[in-house]
Amino acid sequence: QQPVQSPQAVILREGEDAVINCSSSKALYSVHWYRQKHGEAPVFLMILLKGGEQKGHDKISASFNEKKQQSSLYLTASQLSYSGTYFCGIGTNNNAGNMLTFGGGTRLMVKP
Amino acid sequence: DTGVSQDPRHKITKRGQNVTFRCDPISEHNRLYWYRQTLGQGPEFLTYFQNEAQLEKSRLLSDRFSAERPKGSFSTLEIQRTEQGDSAMYLCASSFIANYGYTFGSGTRLTVV
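Below or above, wherever it landed, is the structure these notes cover. Every value quoted in this text rests on a predicted model; they were computed, and no experiment measured them. (Residues numbered from 1 in each chain as written. Chains lettered and ligands numbered in written order. Predicted model: local features only at pLDDT ≥ 70, side-chain atom pairs only at ≥ 80, totals over all residues. Heavy atoms only, no water.)

**Points about the overall build of chain B**
Helix and strand counts for chain B stand at 0 helices and 11 strands. Walking chain B from its N terminus toward its C terminus, one meets helices and strands in the order β-β-β-β-β-β-β-β-β-β-β. For 113 residues, the compact-globule estimate of 2.2 N^0.38 gives 13 Å, and the C-alpha radius of gyration of chain B, at 13 Å, lies within 12% of that figure. Overall, chain B is about 40 × 25 × 25 Å in size when its C-alpha atoms are taken along their principal axes. Taken across its 113 residues, chain B has 47% of its residues classed as buried. (Helix = DSSP H or I, 4+ residues; strand = E, 2+ residues; numbered from the N terminus. Rg over C-alpha atoms; globule rule 2.2 N^0.38 Å. Buried < 20%, exposed > 50% of the residue type's maximum accessible area, 1.4 Å probe, protein only.)

In structure tokens form, the structure reads like this:
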């Protein structure tokens, strides 16, 4: 079953922060986060594994809450280049991360 | 490392025709995935290979769809007797090992008229 992402869309001013949530009805084994710009392929941001720690690089980080079966992506001090659609992809225990089920996406627009 | 290559970039076909797409993954990656994406939606899993073995196939995939990965290198996805509902972007991705990030190709956009 497809994970639910929220919000569906968000508009920010440069320098503002945003949080994107990804909720699953199944137990999570892994969570991937990708960003896709219009007309381009999704680009890998990070992966979080069950039992792993919060990940981050630069001003983008993510958390994994196994108990709540959800992950959150944190974008701080947003830049114009952060604009795009963010997808979470989940691996569930019964496939051990072999394939991902993606959410419907969160459209992020950063304005000057 | 030249990334994941897909060919063709665009394909327009008449309903009922067969089409074949090709994907060349990153050479060090032994895992290859096919996904389908329609406008405004996230990628939808189609099938997955580890080396030359096709290990998973979506239950949503009809018998008109078939994929191969001979010798564990490039892969082909064939759609027989295309329908208008097959119109979508077909994405190929590869990864090094399990629980590694995917590298996606630029996709093949299929339009069935």
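**With respect to the sheet that holds strand 7 (residues 65-68) of chain B**
Sheets are built from strands paired through backbone hydrogen bonds, the pairs being either parallel or antiparallel. Residues and elements named next belong to chain B. If you trace the 4 strands from one edge of the open sheet to the other, you get 1-3-8-7, paired in antiparallel fashion. At either margin of the open sheet sits one strand with a lone partner, and together these are strand 1 (5-7) and strand 7. The sheet shows a mean angle of 15 degrees between the axes of neighbouring strands, taken without regard to direction. With 4 bridges connecting them, strand 7 and strand 8 (residues 75-79) associate as antiparallel partners. Bridged to Glu68 within strand 8 is Thr76. (Pairing = 2+ DSSP bridges. Axes fitted to C-alpha atoms, helices over the stretch in contact; angles between N-to-C directions.)

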